[in-house]
Amino acid sequence: MTDIKVELSHIKGFISENQLDTYKKKVAATFDTIYSRTGAGNDFLGWVNLPSSITADFIKDVKATAEALRKKSEVFVVVGIGGSYLGARAVIEALSNHFAQLVETGSPKIIYAGHNMSEDYMHDLIELLDKKEYSMTVISKSGTTTEPAVAFRILKNHIEKKYGKEEAKTRIVAITDKAKGALKVLSDSEGYKTYVVPDDVGGRYSVLTPVGLLPIAVAGIDIEKLVAGAQLMEKYCIDNQNDGNVAAQYAVARQALYHAGKTNEILVNYEPRLCYFSEWWKQLYGESEGKDGKGIFPASVTFTTDLHSMGQYIQEGLRNLMETVISVENPANDVRIPQDDANLDQMNYIAGRRLNDVNQTAEKATILAHVDGGVPNIRIAVPRIDANVLGQLIYFFEIGCALSGYMLEVNPFNQPGVEAYKKNMFALLGKPGYEELREKLLKR
Ligand code: PA5
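Since the model is a prediction, treat every value here as computed from it, not as a measurement.

Draft legend 1. Spotlight on the overall build of the protein. When you go through the protein residue by residue, the secondary structure sums to 18 helices and 10 strands. Taken over C-alpha atoms, the radius of gyration comes to 23 Å for the protein, in line with the 22 Å a tight globule of 444 residues would show. By its C-alpha atoms, the protein is 60 × 60 × 55 Å across when sized along the principal axes. Looking at the protein as a whole, 52% of its 444 residues are labelled buried.

Here is the structure:
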């Protein structure tokens, strides 16, 4: 059984049983389309049986590589963008001390590059790396993405100057396509340790490949437990290809709500450590569903923080919103609110209670207020945040996305739209072959 529960009592009143039934009826066939690999984009369904295909030998190899990097690094730089860094960051931030960058954890500090083009970011990174012992991974499935390619060009230059070419080679791991792309060619010629991103796994579904597993292991997180959680959820989904499946319940609810006018979904958490999990989710759902003039727009908030900023809009703004709350039932620690004799803040009425009681009460109060304000709420409850539960959640959201995308009748595994800005950028930068487009753009 899975640890994930989906609660739908707070979408009632916004959609009828009939509206839900429209999508419930599609579940079994949609599961079949996924597992028999007969739908659109079926050459990118390698993630479907990925957890169960991960061997003990592979885990051992990744852990050995991670250990060698850990030993020589105060800082580990993950160079990648989109699906080539968000999964790793989601898991690392969810399972690390909130102040990991400031406290001694026994693990290298994980930092990121190649996910923006900011000159000031790169300047500060170089300045930091001048003073730290470091190593890095460069991750790009295509091996040609501009942001990580530019960042890696700068960092390769830096690490070779700092340590010499031979030592630098032992501090760089490349994760890329098995045969093609500039990064593959470079890695082969330099002799870097290299891991392969499987052909049939797209970037946003790649967190359980070396793309996610290597950085997560360098951070000191138990990748076996993460994979075990995903394996559990994979088995659960294979055994339960029906509308009672929790991932199917989620997909059905969001499709029914979307077709009832709730076109924007806000993923809500009450744990700041899940902030990057939401970023991963946004990419997964946004890139998978947003095409052909349709798709739910994915947004995210961290409560109660954002109740003091976005709360007003959610309560009373345009009524095209639905919320999906990731509710963590048990925190790992116990912090009580102290009694204060002066009681100037009038908080003694909650003295002695766990902070988590207040957090959970805020969650309940907010769901009810937002439902009253016209925002249906889906609640996804997990008992705790640990590597196993995160592994379950990763597969849950991946399969939920595939189900939802197929029900929406889009190909959830391509992303043709991301090419538009790239073409314009190449043309404006003066890349050979883009002269005609450049002329056109310069006239605008
Ligand atoms: O999901 C996707 O395919 C994208 O977000 C990619 O992960 C992202 O564009 C990076 O691509 P690459 O790994 O080829 O550098």
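Draft legend 2. Broad picture of the packing of helix H10 (residues 210–218) against helix H11 (residues 223–239). For the pair H10 and H11, interaxial distance at closest approach is 10 Å and the crossing angle is 140°. Taken as axis vectors, H10 and H11 run oblique relative to one another. For the pair H10 and H11, the contacting residues are Leu 213, Ile 216 and Ala 217 in the first and Ile 223, Leu 226 and Val 227 in the second. A per-class count over the contact of H10 with H11 returns 6 nonpolar, no polar and no charged.

Draft legend 3. Molecular detail of the sheet that holds strand S9 (residues 321–328). Across the sheet, which stays open at both edges, the 5 strands sit in the order S1-S10-S9-S7-S8 with mixed pairing between neighbours. With partners counted over all chains shown, the strands left at the sheet margins are strand S1 (5–7) and strand S8 (297–302), one partner each. Recorded for the sheet is a direction-independent mean angle of 20° between the axes of neighbouring strands. Inspection of the sheet shows S1 paired to strand S10 (residues 377–382) by 3 bridges, in the antiparallel sense. Bridging across to S10, Glu 7 finds its partner in Arg 379. Against the sheet, helix H12 (residues 246–259) contacts S1, strand S7 (264–269), S9 and S10, and its axis sits at roughly 165° relative to S10.

Each value, and the rule that gives it
- Residues numbered from 1 in each chain as written.
- Predicted model: local features only at pLDDT ≥ 70, side-chain atom pairs only at ≥ 80, totals over all residues.
- Heavy atoms only, no water.
- Helix = DSSP H or I, 4+ residues; strand = E, 2+ residues; numbered from the N terminus.
- Rg over C-alpha atoms; globule rule 2.2 N^0.38 Å.
- Buried < 20%, exposed > 50% of the residue type's maximum accessible area, 1.4 Å probe, protein only.
- Axes fitted to C-alpha atoms, helices over the stretch in contact; angles between N-to-C directions.
- Parallel < 35°, antiparallel > 145°, perpendicular 65-115°, else oblique.
- Contact = heavy atoms within 4.5 Å.
- Nonpolar A, V, L, I, M, F, W, Y, C, P; charged D, E, K, R; others polar.
- Pairing = 2+ DSSP bridges.

Such coordinate-based values are descriptive only and should not be taken to indicate function.
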